[in-house]
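Topology and contacts: notes
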Amino acid sequence: MANPSYAQSLRLIKFYNEAEREILQECNRLLLASINGNILGPGDYSSARMQQIRKDLLEGSRTWVQEAIPYSYMKGVDLADTSLPPENESIADFGEIHQKTAEALGKSTYSRLMDVISVVDRRVDDIFRKLELENTKSAVLGDQKEAQVAAKIKDDLAENGITGFVDKAGNTWDMGRYAEVLAQESTMQSFREGITNRLQEKAQDLVFIPAHSGSCKKCAEFEGKMYSLSGNDEKYPPLSEAIDGGMFHVNCTHYVEAYRKTAE
Ligand SMILES: [Zn+2]
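As a convention, each chain's residues are numbered from 1 in the sequence order in which they are written. Per-residue local features of the predicted model are confined to residues with pLDDT of at least 70, and side-chain atom pairs are confined, for both listing and counting, to 80 or more; whole-chain, interface and lining totals are unaffected and use all residues.

**Focus: unusual backbone geometry**
Going by this rule: Secondary structure elements are taken from DSSP: a helix is a run of H or I of four residues or more, a strand is a run of E of two residues or more, and numbering for both begins at the N terminus.
Positive phi is not limited to glycine here, since alanine 203 has a value of about 55 degrees. Assignment of secondary structure puts alanine 203 in the loop between α5 (175-201) and β3 (206-208). Positive phi values are uncommon outside glycine, yet phenylalanine 248 reaches one of about 65 degrees. Here phenylalanine 248 lies in the loop between α7 (239-244) and β5 (257-258).

Given below as structure tokens:
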């Protein structure tokens, strides 16, 4: 099964890709002015357009999180309900737990998006500062070096986009591409937490991992196997064992379902 929040994910990806395109356009406008030998003034570097793009990004990110995260979580609760044996009864009132989990997931997703926006901010600032410095030097020295510097930055942006994330290995991700990872990861995580919370609410400890076509090689070994949510089962290993083994990695669309005897 694909990510049940695929349509939600696509919205964020499209939104971030469009924002990236607009930021690049705005950077290019200034870079081209430099390439064409125009001396820019200080006011050119904090354009109203760039401020607007940033404001839209903040607002759009907040709206997306408010909609997509609870939606994905509820999809998980619904899926758990369809897989639960009908005789299972609630062991406790999970109302507050559902609400708090969805809220916590929303907060962490939002802060990861804010991290992307601040990396983008820094990148744009760096470009403009560099350009401003080169322009100032050119004005004093009377050379045309700012055009070369601007052309180099412009080529780099065209090739690599605007950096939105730097991973532990030092690889840079452009903001559109990284939004894909974030959208997929955060919606799948919410979906999975919705499932496990509902299963725990209904005293369902044993789960299995349904197989799906086109499974990643990493996950194939876990498919169809049974696990215990609590880790207290005598016969089956804790689910954390599969997770530690690489299950639920980035772009993974696996999840757990209640184990029912008929599923064997
Ligand atoms: Zn997987």
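**As for the environment of methionine 226**
Where we set the bar: A residue pair is marked as a contact if its C-beta atoms, positioned from the backbone, fall within 7 Å.
With respect to the helices, strands and loops of the structure, methionine 226 is situated in strand β4 (residues 226-228). The sequence separation of methionine 226 and tyrosine 236 amounts to ten residues, and the corresponding C-alpha distance is 6.4 Å. Aside from chain neighbours lying at most four places away, what touches methionine 226 is Leu206, Phe208, Tyr236 and Tyr259.

**Topic: α5**
To keep things clear, this is the line we draw: The span you would expect from a helix comes to 1.5 Å times its residue count less one. Any residue with 12 or fewer other C-beta atoms within 10 Å of its own C-beta is exposed, any with 20 or more is buried, and the rest are partly exposed; the C-beta atoms used are placed from the backbone.
Counted at 1.5 Å a residue, the expected span for α5 with its 27 residues is 39 Å, and the 38 Å between its end C-alpha atoms agrees. In terms of burial, α5 is a largely internal element, 19 of the 27 residues being buried. Taken from the residues just after α5, alanine 203 is the one with a positive phi, measuring 55 degrees.

**Details of the packing of helix α1 (residues 6-35) against helix α4 (residues 145-160)**
Convention followed: Where helices are involved, their axes are fitted lines through C-alpha atoms of the stretch in contact, as for all axes, and angles between N-to-C directions lie from 0 to 180°. Angle categories: roughly parallel below 35 degrees, roughly antiparallel above 145, roughly perpendicular from 65 to 115, and oblique for all the rest. Two helices cross in a left-handed way if the nearer one is turned anticlockwise from the farther one by less than a right angle. They cross in a right-handed way if the turn is clockwise. In this classification, Asp, Glu, Lys and Arg are treated as charged, Ala, Val, Leu, Ile, Met, Phe, Trp, Tyr, Cys and Pro as nonpolar, and every other residue, Gly included, as polar.
Where α1 meets α4, the axes come as close as 8 Å, and the angle between the chain directions of the two elements is 155 degrees. Put simply, α1 runs roughly antiparallel to α4. As α1 packs across α4, the resulting crossing turns out to be left-handed. For the pair formed by α1 and α4, the contact residues are Leu24, Cys27, Asn28, Leu31, Ser34 and Ile35 on the first element and Glu146, Ala147, Ala150, Ala151, Ile153, Lys154 and Leu157 on the second. For the contact of α1 with α4, the per-class residue count stands at nine nonpolar, two polar and two charged.

**Some remarks on the nonpolar core**
This is how the line gets drawn: What makes a nonpolar core is a set of buried Ala, Val, Leu, Ile, Met, Phe, Trp, Tyr and Cys residues, with links drawn between C-beta atoms within 7 Å. The domain limits used here are those given by an automatic or database domain assignment.
Ranked by internal contacts, the top residues of the largest apolar core, which has 53 residues, are Ile23, Met175, Ala179, Ile195, Val207 and Val256. Counting only elements with at least two residues in this core, the list comes to α1, α2 (48-83), α3 (95-141), α4, α5, β3 and α7. No fewer than three residues from each of domain 1 (6-204) and domain 2 (205-264) sit in this core. Discounting chain neighbours no more than four positions away, the residues touching methionine 175 are Tyr16, Glu20, Val116, Val120, Gly161, Ile162 and Gly164.

**Observations regarding the pairing of strand β1 (residues 163-166)**
Here is the rule we go by: At least two bridges found by DSSP between two strands is the condition for calling them paired.
Sheet analysis places β1 next to strand β2 (residues 172-174), joined by three bridges and oriented antiparallel. When the bridges of β2 are listed, valine 166 appears paired with threonine 172. Counting the residues that bridge the hairpin from β1 to β2 gives five residues, and of these glycine 170 lies at a positive phi of roughly 90 degrees.

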